[in-house]
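This is what each chain is made of:
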Amino acid sequence: MAVGRDEMRGVTGLLLVVNLVLYLIIIGLASWCFNQEIDLKLFNRHFGGNTATVFVLIYALLGGVIGASSVIAGFIHNRAWSRDSLGNATSTALISFAVTALAFGLVCKEIALGGYRGNILKTLEIVVIVSTFFQMLYLLLLHAGMYSSRYGPAYS
């Protein structure tokens, strides 16, 4: 059974909702952790962390804000569902994926360095990893819509 354009529009909308929730969680957790990092100094026994923690927090916060902005552009595209809005949604999703993937790499480095990390920091790491996966799925879906009218408003 072939997947039609309306079904892909629904899948895209669902991925956008999931991405928005994940990025809002990232913004909340990363901003709280960053505030704790500033107020309580490095290596608080309740907060934990290692030498990569500051970089993870900065790039997670950037990725969350850029990702939430990308989701707004995606909602506009999902409502219009035209070739005119597809380029905007794809370009912002690509930038958002790049920053989120950078945060993902730093999370992997933080996990590899080890040491004690608090539960909130571990939760932030998990959410960054999951959001990278879902942003990649959304980006692949948008690119499928760029190349084939079967999956979305193609340029052909």
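Structure shown above.
Conventions adopted
- Residues numbered from 1 in each chain as written.
- Predicted model: local features only at pLDDT ≥ 70, side-chain atom pairs only at ≥ 80, totals over all residues.
- Heavy atoms only, no water.
- Helix = DSSP H or I, 4+ residues; strand = E, 2+ residues; numbered from the N terminus.
- Expected span 1.5 Å × (residues − 1).
- Patch = residues over 30% accessible without salt bridge, like charges linked within 9 Å, V, L, I, M, F, W, Y side chains within 5 Å.
- Areas by Shrake-Rupley, 256 points an atom, 1.4 Å probe, with all protein chains shown as cover.
- Salt bridge = Lys/Arg side-chain N within 4 Å of Asp/Glu carboxyl O.
- Buried < 20%, exposed > 50% of the residue type's maximum accessible area, 1.4 Å probe, protein only.
- 1 Å grid on protein atoms, 1.4 Å probe; cavity = no way out; pocket = protein on both sides within 12 Å on 5 of 7 lines; lining within 4 Å.
- Points joined across faces, edges and corners; volume = space filled by probe spheres on them.
- Nonpolar A, V, L, I, M, F, W, Y, C, P; charged D, E, K, R; others polar.

(A) Region of the structure containing helix α2 (residues 53-80). Taking 1.5 Å per residue as the helical rise, α2 with its 28 residues ought to reach 40 Å, and the 40 Å between its terminal C-alpha atoms agrees with that figure. Count one or two residues on from α2 and you reach Trp81, which has phi positive near 50°.

(B) Layout of a nonpolar patch on the surface. Taken together, the side chains of Val17, Val21, Ile25 and Phe75 make up a nonpolar region of the molecular surface, amounting to roughly 300 Å² of accessible area. With three residues, the top contributor of residues to the nonpolar patch is helix α1 (residues 5-40). Examined against the element boundaries, Phe75 turns out to sit in helix α2. On the basis of relative accessibility, which here comes to 32%, the residue Phe75 falls in the partly exposed class.

(C) Molecular detail of empty space enclosed by the protein. Tallied over the full model, the rule gives two cavities of 30 Å³ or more. Considering only enclosed or pocket space, the second largest cavity measures out at about 30 Å³ in volume. As for the second largest cavity, its lining consists of Tyr23, Ile26, Tyr59, Ala60, Gly63, Gly64, Thr100, Ala103, Val128 and Ser131. Looking at the lining of the second largest cavity, the elements that each hand over two or more residues are α1, α2, α3 (83-113) and α4 (119-147). Examining the composition of the lining of the second largest cavity, we find that four residues originate from one element, α2, more than from any other. A breakdown of the residues in the lining of the second largest cavity according to their chemical character gives six nonpolar, four polar and no charged.

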